[in-house]
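# Overview (structure and organization)
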Amino acid sequence: MTLLHTLRRLRFVLLLVALAQTACAQRTGPDVPRVFAAGADEVLYWNQPADRAHCPDRMGFLWVQAAEGPSCIRYFASDDIDGARIAIVQFSGDRDGVMDQAPTRIPGNTEELRTLDAQRSRDRAGVPWIFMARPGTYGSSGDHRKRRQLVEFHALDAALDALMQRHRLQRIVIVGHSGGATAGAALLTMGRTRIACAVLTSGAYGLLERARMLGRSRDGRTDTTGSAEFYDPLDHVGGIARDPARRIVLIGSREDRNTPFVLQQRFADAVAKAGHRIELRTHAAEPPDFHDLKDRIALQTASQCAREALLP
C-alpha cells in the first residue's frame, strides 16, 4: 500500500469520526453520550433530582438528609482542608441567568475548573477554601428556581454539618455574594455555631419589599422568583446563636440597583438590635448596576477574618 493511499484512508476515517460526532451533538435523549467540556472534563449538570447512585461517598460529594428530603450537595475544595483549624466556605450568587443553558456553555462548569478556582482563592487568601454549590447549580441536586426557600437553606445547613464532620474542620468563615450572602445569612438565623466570621456582600434581605421596589412582585405577594414560599433572613434574626467572638460583616454599595442598600442596612440594624456583633460597610461597585463589588473585597475581608480567628 502506497503512502498516498494510506493518507487518503486516514483522511476518510477522520471524516467519518467528525460526521459521527456532529450527529451525536445534534441529537438529544437518553441514548446520546454525555457531552464533555474542553480538556475531556465531564461537565456538571444542573437542576437534577437527588440520586444516591450518582452521589459517591468521596470528596466533593455530600449525601445529606434534610426535612424536605435527600440532597446531593457538591463542593470543590483546595488542598490542606483536612483537620483545618479554620476554612473559608463560599456560596455563589444566583445563577438563574445561565441555569437553562447547555452545561457545556456555562462558565467554569467542571469539577476541575471549580477546584482550580477554589485553589486560586486559597492561594490568595492564605486559608483553605471550599466552594459549596447551592442546590440546582454546579452539580448539586435540587431546583435553583426554588432559591431562597427553606428547601435550599436546609440542604446547605445539613451539607455544612457533613462537610465539617468529614474533614474535621474546627471552625469556618462563610462568604457569599448576592444570593450567596442571603444563603449565608439564612444559615446564621438557623442557629449555626462554629462560625468565626460571616462576610456577606450585596445580599438580598426584606425579600418581599425588594421585589416590590424592583417592580418584580406578583400582586405584591411574591419575591423576585415569583414565589410566596421564600425564607427571609430579616424575619428570623432571633434564631442567630449567641457568640461574642463571631464577626458578621455586611458590605454593599449605596447605589446597588439589584439588592437595595437600604434593605441591607435594615438587616444589619436588626442583627445589631438583637445583640450581635455586626459591621456594615460600603465599597465601590461595578456600573451600571453597582451590585458586583470591586477589588475582590469579599475575599480580602474573609481572609482577614480567618487570619484573625487563628490568633491565640
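First, a word on what this report is: a plain description of the structure on this page. (Residues numbered from 1 in each chain as written. Predicted model: local features only at pLDDT ≥ 70, side-chain atom pairs only at ≥ 80, totals over all residues. Heavy atoms only, no water.)

### With respect to the layout of surface pockets
Considered as a void within the structure, the largest pocket measures approximately 870 Å³ in volume. Lining the largest pocket are 33 residues, with Q90, S92, G93, R95 and H177 positioned closest to its centre. For the lining of the largest pocket, the elements supplying multiple residues, two or more each, are β3 (86-91), α2 (111-125), β4 (129-132), β5 (171-177) and α7 (297-310). Per-element tally for the lining of the largest pocket: the top contributor is α2, with four residues. Of the residues in the lining of the largest pocket, the class split is 13 nonpolar, eleven polar and nine charged. (1 Å grid on protein atoms, 1.4 Å probe; cavity = no way out; pocket = protein on both sides within 12 Å on 5 of 7 lines; lining within 4 Å. Points joined across faces, edges and corners; volume = space filled by probe spheres on them. Helix = DSSP H or I, 4+ residues; strand = E, 2+ residues; numbered from the N terminus. Nonpolar A, V, L, I, M, F, W, Y, C, P; charged D, E, K, R; others polar.)

### Quick word on the nonpolar core
Counting residues in each nonpolar core, the largest one holds 43 residues, and the members touching the most others are I130, M132, L160 and L163. If you tally residues by element for this core, the top one is helix α3 (residues 150-167), at eight residues. Not counting the four nearest positions on each side in its chain, M132 is found in contact with L62, I73, R74, Y75, V89, Q90, F91, L156, A159, L160 and L163. Among the nonpolar cores identified, the runner-up in size contains 23 residues, and A118, V175, C197 and I297 belong to it. (Core = buried A, V, L, I, M, F, W, Y, C linked by side-chain atoms within 4.5 Å. Buried < 20%, exposed > 50% of the residue type's maximum accessible area, 1.4 Å probe, protein only. Contact = heavy atoms within 4.5 Å.)

### Things to note about the side chain of E152
Here E152 shows up in helix α3. Excluding anything up to four places from it in sequence, E152 contacts R134, P135, K146 and R147.

### Some points on the pattern of salt bridges
On inspection of all chains with the given rule, the structure shows 20 salt bridges. The partner of D57 in a salt bridge is R52, and the shortest N-O contact between them spans 2.8 Å. The salt bridge partner of R145 is D100, with a shortest N-O separation of 2.9 Å. On the criterion of sequence distance, the pair formed by R145 in the loop between β4 and α3 and D100 in the loop between β3 and α2 is long-range, its members being 45 residues apart. Each of the salt bridges in this network shares a partner with another, and the network as a whole consists of D94, D96, R134, R147, R148 and E152. (Salt bridge = Lys/Arg side-chain N within 4 Å of Asp/Glu carboxyl O.)

### Some details on the packing of α3 against helix α4 (residues 179-189)
The geometry of α3 relative to α4 is characterised by a closest axis approach of 10 Å and an angle of 70° between their N-to-C directions. Comparing their axes, α4 and α3 come out roughly perpendicular. On α4, the residues that touch F153, L156, D157 and L160 of α3 are T182, A183, A186 and L187. Classifying every residue of the contact of α3 with α4 gives six nonpolar, one polar and one charged. (Axes fitted to C-alpha atoms, helices over the stretch in contact; angles between N-to-C directions. Parallel < 35°, antiparallel > 145°, perpendicular 65-115°, else oblique.)

### Details of the pairing of strand β6 (residues 195-201)
Within β6, seven of the seven residues are buried, which leaves the element mostly enclosed by the surrounding structure. The pairing of β5 with β6 spans six bridges and is parallel. The partner of V175 across the bridge, within β6, is V199. Across five bridges, β6 lies against strand β7 (residues 247-252) in parallel orientation. Paired with A198 across the strands is I248, a residue of β7. Crossover connection from β6 via helix α5 (residues 207-213) to parallel β7: handedness right-handed. (Pairing = 2+ DSSP bridges. Right-handed = clockwise from strand over helix to strand, strands pointing away.)

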